[in-house]
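Next come the chains, spelled out residue by residue.
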Amino acid sequence: MITFIRYCRIKAKEIKLKLAFYSFLEKGIKEFSKNKETLQKKLIHEFAEILSRTDRDGTEIE
């Protein structure tokens, strides 16, 4: 009987951790969606910078 109670407690902790992770992930997605335009500009800028540093073969130019 004690092992069943321990099992239930462990499962409850696992569920609580998963819910915390998903709520953290959801908050992050909401923040990114609020600043969609600035995020898009940053991503485009970084992508263009990576493309300018790489050769047509995909090797990085120093």
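Here is a short report on the structure shown in this document. (Residues numbered from 1 in each chain as written. Predicted model: local features only at pLDDT ≥ 70, side-chain atom pairs only at ≥ 80, totals over all residues. Heavy atoms only, no water.)

1. Focus: the overall build of the protein
Part 1 of the reasoning: Counting secondary structure elements, the protein contains two helices and zero strands.
Part 2 of the reasoning: Put simply, the protein has 62 residues, and 0% of those count as buried.
Part 3 of the reasoning: Carbon and sulfur atoms form 63% of the exposed surface of the protein, whose accessible area is close to 6600 Å². (Helix = DSSP H or I, 4+ residues; strand = E, 2+ residues; numbered from the N terminus. Buried < 20%, exposed > 50% of the residue type's maximum accessible area, 1.4 Å probe, protein only. Areas by Shrake-Rupley, 256 points an atom, 1.4 Å probe, with all protein chains shown as cover.)

2. Details of a nonpolar patch on the surface
Part 1 of the reasoning: Together, F21, Y22, L25 and I29 make up a nonpolar patch on the protein surface, roughly 440 Å² of accessible area in all.
Part 2 of the reasoning: Within the secondary structure, L25 sits in helix α1 (residues 2-34). (Patch = residues over 30% accessible without salt bridge, like charges linked within 9 Å, V, L, I, M, F, W, Y side chains within 5 Å. Salt bridge = Lys/Arg side-chain N within 4 Å of Asp/Glu carboxyl O.)

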